[in-house]
Amino acid sequence: MINVALIGYGTVNSGFREIFEEKRAEIEEAVDDQIKIKKIVVKHPEKHEDIKNLLVDRIEDIIDDEEIDLVIEATGEVGPIEEDIKKLLEKKNLITSNKALVSKNFEEFEAIAKKYKRKFRFDAAVGGAVPTIENLYTIRTLNDVKRVSGIFNGSCNFVLSKMEEGIDFDTAVKEAQKLGFAELDPSNDIDGLDSMRKLRLAASILFNKPIKEENIDLEGIRKITNEDIEEAKANKQRYKLIAYGDDEGTYRVRPELVDIDSNFGKIKDNENIFQIETSNAKILTFIGPGAGKRETGFAILNDFLNIYRIR
Ligand SMILES: NC(=O)c1ccc[n+]([C@@H]2O[C@H](COP(=O)([O-])OP(=O)(O)OC[C@H]3O[C@@H](n4cnc5c(N)ncnc54)[C@H](OP(=O)(O)O)[C@@H]3O)[C@@H](O)[C@H]2O)c1
């Protein structure tokens, strides 16, 4: 029996559970074992009548439960939770979608996982449904990596394409919030922090050294005007928020012009693209949805199978 605990039960972990219950037979066959969701911790238990029988009060209740083998964390929190997660990783395998948490603690989490021989997976935190992290580790082992570039943020795609329709920046951001693309405070997306965290993680893996948030030059999309966008359109170009890193030590996130017909120019809404230039595999491109309930639920289960699949 594989006993699993969840920390957080919002979009990501409820999406994970939905797919898990639908595909339970296939997943249990793939891992050749039964799987049980044993405990869940949330912030506001009163909101979660439907999972009342699984709720526990504190993360310690999970850490101290010797039967629990895997924890799936999807809260978006940093702060006090960081120490809990470090303690937890000494005893349990961990899958997380929490990019702020992993970006802040990546090297330390990796070191703890290595020391205590635990599995630590965070694919959902970087590419959403796009299977990135395990591939990045393989790519770096077998190649010299020259550069990585990509579009990692759906809210910026959405706002910039609304501006191409003539809508002004503030209205486009409000529309993105209404449709659930952007957070209530959209600055993580619009000011490029979300893309920066994903670049920090992808580049640290690909170039095999710690590339911290402060090593990345950052500019979001606030300064782009409707006039800039009209001018770009006249040249069959458009603006995208591009993350870029190379083996010479340049790391940046900034709006750049791309041709409308290029791979980057065609990325829209919640799609992400990763392009990696390597010594042996030439240029590898990964494209797919970077967010969404079932998309991110898929990513969590992809990590789950990477840990437990027997064939
Ligand atoms: N949504 C996506 O498409 C997506 C895609 C990729 C990555 N992510 C990342 O995944 C993480 C979770 O995203 P989400 O969209 O699932 O967020 P969400 O819907 O806001 O859910 C967050 C959950 O975490 C719980 N929580 C918050 N603080 C907690 C704490 N200190 N202890 C225990 N539980 C706590 C909340 O409890 P209550 O329900 O009781 O309030 C809630 O159930 C974030 O880091 C996000 O950036 C999300």
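Residues numbered from 1 in each chain as written. Predicted model: local features only at pLDDT ≥ 70, side-chain atom pairs only at ≥ 80, totals over all residues. Heavy atoms only, no water.

### Considerations on the domain arrangement of the protein chain
In plain terms, the rule: Throughout the structure description, domain borders are defined by an automatic or database domain assignment. Reported buried area values correspond to the accessible surface (1.4 Å probe) lost by two parts on association, with both partners' losses combined. A pair is scored as a salt bridge if a Lys or Arg side-chain nitrogen falls within 4 Å of a carboxyl oxygen belonging to Asp or Glu.
Each domain of the protein chain was delimited in the assignment, giving domain 1 (2-129 + 293-308) and domain 2 (136-289). For domain 1 and domain 2, the distance between their C-alpha centres works out to 27 Å. Summed over both sides, the interface between domain 1 and domain 2 buries roughly 1,200 Å², with carbon and sulfur atoms accounting for 59% of that surface. The partner of R200 in a salt bridge is E107, and the shortest N-O contact between them spans 2.8 Å.

### Some details on the site of the ligand
Our working rule: One heavy atom within 4 Å of a molecule or strand makes the whole residue count as near it. Pairing of N or O atoms within 3.5 Å defines a polar contact, subject to two protein rules: one partner must be a possible hydrogen donor and the other a possible acceptor, and residues neighboring in sequence count only if both atoms are side-chain atoms. To measure how exposed things are, a 1.4 Å probe is used in the Shrake-Rupley method; for residues, cover is taken only from the protein chains shown. Charged means Asp, Glu, Lys or Arg here, nonpolar means Ala, Val, Leu, Ile, Met, Phe, Trp, Tyr, Cys or Pro, and polar covers whatever is left, Gly included.
As a structural note, the neighbourhood of the ligand is formed by 23 residues, with Y9, H44, H48, S97 and G292 the closest of them. Backbone polar atom of V12 to an oxygen atom of the ligand: 2.8 Å apart, as the coordinates give it. Here the ligand loses 78% of its free accessible area of 910 Å² to cover by the protein chains. Of the residues contributing to the shell around the ligand, the split by class is eight nonpolar, eleven polar and four charged.

### Re helix α1 (residues 11-22)
Every α-helix carries 3.6 residues per turn, so stepping three or four residues along brings you back to the same face. Applicable threshold: Secondary structure elements follow DSSP: runs of H or I of four or more residues count as helices, runs of E of two or more count as strands, with numbering from the N terminus. Helix span, expected: 1.5 Å multiplied by one less than the number of residues in the helix. Buried, partly exposed and exposed residues are distinguished by accessible area as a fraction of the type maximum, computed with a 1.4 Å probe on protein chains only: under 20%, between the cut-offs, and over 50%, respectively. Note on contacts: a residue pair qualifies if any of its non-hydrogen atoms lie within 4.5 Å across the two residues.
In this model α1 runs 17 Å from its N-terminal to its C-terminal C-alpha over twelve residues, within 8% of the 16 Å that 1.5 Å per residue would give. Residues of α1 that are buried: V12, N13, S14, G15, F16, R17, I19 and F20. On its buried side, α1 packs onto β1 (2-7), α2 (24-31), β2 (35-41), β3 (68-73) and α13 (293-308).

### Thoughts on the nonpolar core
Rules: Joining through side-chain atoms within 4.5 Å is the link that ties buried Ala, Val, Leu, Ile, Met, Phe, Trp, Tyr and Cys residues into a set, and such a set is a nonpolar core.
One finds F120, F122, V159, L199 and I221 to be the most contacted residues of the largest nonpolar core, which totals 65 residues. Split by domain, this core shows at least three residues from each of two domains, domain 1 (2-129 + 293-308) and domain 2 (136-289). In this view, L199 contacts V148, F152, S204, I216, A243, Y244, G245, Y251, R252 and V253; residues no more than four positions away in its chain are not counted. In this structure, I27, I37, A74 and F304 belong to the second largest nonpolar core, which totals 29 residues.

### A word on the environment of D69
Looking at the secondary structure, you find D69 in strand β3. With a relative accessible area of 32%, D69 lands in the partly exposed category. In the structure, D69 is positioned 23 residues away from K92 in sequence and 5.3 Å away in space, judged by C-alpha atoms. Leaving out residues up to four positions away in the same chain, D69 has contacts with N3, K92, N93 and Y308. For D69, the side chain forms a polar contact with the side chain of Y308, separated by 2.4 Å.

### Describing the environment of R222
For R222, the position within the fold is in the loop between β7 (217-218) and α12 (226-234). When its relative accessible area of 46% is taken as the criterion, R222 is described as partly exposed. For the pair R222 and A111, spaced 111 residues apart in sequence, the C-alpha separation works out to 37 Å. Apart from the residues lying within four places of it in its own chain, the contact partners of R222 are F169, S187, I190 and D191. Here D191 takes part through its side chain, which lies 2.7 Å from a polar atom of the side chain of R222.

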